[in-house]
Amino acid sequence: MDHFQLKHGILHAEDVPIDRIADEVGTPVYIYSHATLTRHARVFRDALSILPRVHLAFAVKSNPNLAVLKVLQREGYGADVVSEGEMRRALAAGMRAQDIVFSGVGKSAAELAAGLEAGIGQFNLESEEEGAELAALAAARGIRAVAALRVNPDVEAGTHAKISTGKAENKFGVSYERAAEIYARLSALPGIEMRGLAVHIGSQLARLEPLRDAFARMGELMRLLRGQGLCVTHMDLGGGLGVPYRADETFPSPAEYAAMVAEATRDWDVTLMFEPGRVIAGNTGVLVTRVIRVKAGVNCPFVVVDAAMNDLARPALYDAWHDFVAVRPSGRRMVASVVGPICESSDTFAKERDIDAVAAGDLAVFRTAGAYGATMANTYNSRPLVPEVMVDGSRYAIVADRIDPAAILAAEHVPDWLA
Ligand SMILES: *Cc1c(COP(=O)(O)O)cnc(C)c1O
C-alpha cells in the first residue's frame, strides 16, 4: 500500500497534487512519501518483533537520501553501508556508529580505517584477506574490530542474474566449504572479534524457499563453529525481500518472511540482523516526468519523456518494469513505447505497452521508484542530476537539489598545456 493515489482525477503524493510539485520543482523529479516510508519501516519492524533479538540495518544503497535515512533513524533503524560515503551519510542522519554494519566486497584499507575510527558496530568480511587487513589495522590502533564473515551459501535465489549474489560463482562472501576454517583462523587474530556469520543471496526475491535453504545452511555452519568452541552471537540474514512492480505480482509479506525466519532460526540463540532495502524504500517513491512529444513509430508511437536511463537505470540495467501512469488520466488508453532522450536504445522504459493516453506536455510517473532509483542516477549525456522531494501530508520539501550540468562543468579543467 502506498500514498500515491488519484484524488479528483489528479494523482497525489499524500495530499499534494503531483502537478504542483512538477510545476514548482520541474521535471524529472523523484517524490517520496513520508507516510509510506514510515509505514513500510513499521510493518517490517513489527513483523520481526516475533523474534527474540533483532537488529535492523537499512540497506543505504537502495535509497541513501539524507532525509530518507533520517526517517529510518527515527524509526529505530541502523544502516547497512557499502562504502565510506554511505557510512558518512548514515552518521550524518544521526544513526549511531554501533548500529551500522559495514558491508561491501571491496572495502579499501582507507575505508576499513575510517570505519574503525568511527566505531562501526560490525564489519561484514568478504574474505580472509580482508579480515586479516582489518585485524592488523585494529591492532595497530590498540582496538578490536567486531566482525562477521559473509558466506556464499551457493543457492539459486530465483531472481534476475544481475542481482543474484549467493551462487558459488558470484563474487560475494567466502565459499561455504571453506567458511569454517577461515572463521577459526580469523577468530584467533588479536585485532578482531568474530561474532557471527552474514548471508545475502540477492535482491527482489519473489519466493521464501531460497532464503529458507540459505538460512538452513547457515544454521548448520553456525553449529559446526560452536562445536569447535568458536563464538557465534550474531547472525546477519541480509535483505532481498522483493516488492511487486506490477499489479498482478504477489510477494511474500513481511509477516510471512518473519514466520519463515522464526521457524528457520528457532534454536539459534543469537541476535538476528536484517538488511532490508527495497522492501522499505521501493514503494515510497515515484519518478515524475513530462512528455516531451509523441513521435510516430513503425509498430506503435514512441512517448518521449524528459526522464531517462540516467535518472532511473533499472529498466536499462535489469529489464525492470515500472508502471507508467498519467498524473491526470483521461480514461483513454494507447499502446506505445515510453523512451527517454538519451542516445542509447536501452533508454527505454516500456516497450509497446498499454498505457494511459498521454500527449506532449502531459505529466506521468514511473511507480515504485523509491529503491535503486535516484541512488543510481548519473549525468550521462550531460543531463542534470535528478532532484528529490519528500511529501508529508499537505507539505513537501526538496530533499536533494537538481545539480545543474554547469556545476559539473565547473569541476572540470583544461590543463595549461591544452589551453
Ligand atoms: C543490496 C544489499 C542489501 C539490500 O538488498 P534489498 O534487496 O534491497 O533488500 C542487503 N545486504 C547487502 C549485503 C546488500 O548488498
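Not measured: the values here are computed from a predicted model.

Draft legend 1. Looking closely at the overall build of the protein chain. Across its full length, the protein chain carries 12 helices and 21 strands. The C-alpha atoms of the protein chain give a radius of gyration of 23 Å, which matches the 22 Å a tight globule of 419 residues would have. The principal-axis extent of the C-alpha atoms belonging to the protein chain is close to 70 × 60 × 40 Å. For the protein chain, the proportion of its 419 residues judged to be buried stands at 56%. Taking the intrachain contacts of the protein chain between residues at least 6 apart in sequence as the baseline, contacts between residues at least 24 apart amount to 70%. Total accessible area computed for the protein chain in this model is approximately 17,700 Å², and 52% of it derives from carbon and sulfur atoms. Taken as two groups, the 43 positive and 52 negative side-chain charges of the protein chain have centres that lie 3 Å from each other.

Draft legend 2. Layout of the site of the ligand. The ligand sits among 13 residues. The nearest are Lys61, Ser203, Glu275, Arg278 and Tyr372. Between an oxygen atom of the ligand and a main-chain N or O atom of Gly240, the distance comes to 2.8 Å. For the ligand, an oxygen atom lies 3.0 Å from a polar atom in the backbone of Gly277.

Draft legend 3. Inspection of the packing of aromatic side chains at higher detail. A complete count under the given rule lists 6 aromatic pairs for this structure. For the pair Phe324 and Phe366, a centre-to-centre distance of 5.2 Å together with 50° between the ring planes defines the contact as tilted. Highlighted residues: Phe324 in strand E16 (residues 324-326) and Phe366 in strand E19 (residues 363-366), separated in sequence by 42 residues. Using a relative accessible area of 1% as the deciding quantity, one classes Phe366 as buried. These aromatic residues form a ring-pair network of at least three members: Phe44, Tyr257 and Phe274.

Draft legend 4. Region of interest: unusual backbone geometry. Going from Thr27 to Pro28, the amide bond is cis rather than trans, its omega being -5°. Positive phi, close to 55°, is recorded for Gln204, a residue that is not glycine. Relative to the helices and strands, Gln204 resides in the loop between strand E11 (192-198) and helix H8 (209-227).

Draft legend 5. The arrangement of the pattern of salt bridges in detail. For the coordinates displayed, the defined rule picks out 27 salt bridges. Note that Glu130 is salt-bridged to Lys107, the shortest N-O span being 2.7 Å. Note that Glu130 is positioned in helix H6 (residues 128-140) and Lys107 in the loop between strand E7 (100-102) and helix H5 (109-118), a separation of 23 residues in sequence. With relative accessibility at 8%, the residue Glu130 sits in the buried group. In this structure, Arg333 engages Asp356 in a salt bridge whose closest nitrogen and oxygen atoms are separated by 2.7 Å. One end of the pair, Arg333, is in strand E17 (residues 333-339); the other, Asp356, is in strand E18 (residues 348-356), and 23 residues separate them in sequence. Residue classification places Asp356 among the buried residues on the basis of a relative accessible area of 13%.

Draft legend 6. Expanded view of the packing of helix H7 (residues 176-187) against H8. Where H7 meets H8, the axes come as close as 10 Å, and the angle between the chain directions of the two elements is 30°. The orientation of H7 relative to H8 falls into the category roughly parallel. Like other packed secondary-structure pairs, H7 and H8 cross with a definite hand, here right-handed. Residues Tyr176, Glu177, Ala179, Ala180 and Tyr183 of H7 form the contact with H8, whose own contacting residues are Arg217, Glu220, Leu221, Leu224 and Leu225. Residue classes in the contact of H7 with H8 are distributed as 7 nonpolar, no polar and 3 charged.

Draft legend 7. How the structure looks around the pairing of strand E4 (residues 29-33). Buried residues dominate E4, accounting for 5 of its 5 residues. Bridge count between E4 and strand E14 (residues 285-295): 4 bridges; the pairing is antiparallel. By the bridge assignment for E14, Ile31 is matched with Val286. Of the pairings in the sheet, the one linking E4 to strand E20 (residues 388-392) comprises 4 bridges and is parallel in character. Across the sheet, the residue bridging to Tyr30 is Glu388, located in E20.

Conventions adopted
- Residues numbered from 1 in each chain as written.
- Predicted model: local features only at pLDDT ≥ 70, side-chain atom pairs only at ≥ 80, totals over all residues.
- Heavy atoms only, no water.
- Helix = DSSP H or I, 4+ residues; strand = E, 2+ residues; numbered from the N terminus.
- Rg over C-alpha atoms; globule rule 2.2 N^0.38 Å.
- Buried < 20%, exposed > 50% of the residue type's maximum accessible area, 1.4 Å probe, protein only.
- Contact = heavy atoms within 4.5 Å.
- Areas by Shrake-Rupley, 256 points an atom, 1.4 Å probe, with all protein chains shown as cover.
- Lys, Arg positive; Asp, Glu negative; His and termini not counted.
- Charge placed at Lys NZ, Arg CZ, Asp CG, Glu CD.
- Near = heavy atom within 4 Å.
- Polar contact = N/O pair within 3.5 Å; in protein donor to acceptor, adjacent residues only side chain to side chain.
- Phe/Tyr/Trp six-rings, centres within 6.5 Å; stacked < 30°, edge-to-face > 60°.
- Salt bridge = Lys/Arg side-chain N within 4 Å of Asp/Glu carboxyl O.
- Axes fitted to C-alpha atoms, helices over the stretch in contact; angles between N-to-C directions.
- Parallel < 35°, antiparallel > 145°, perpendicular 65-115°, else oblique.
- Left-handed = near helix turned anticlockwise from the far one by under 90°.
- Nonpolar A, V, L, I, M, F, W, Y, C, P; charged D, E, K, R; others polar.
- Pairing = 2+ DSSP bridges.

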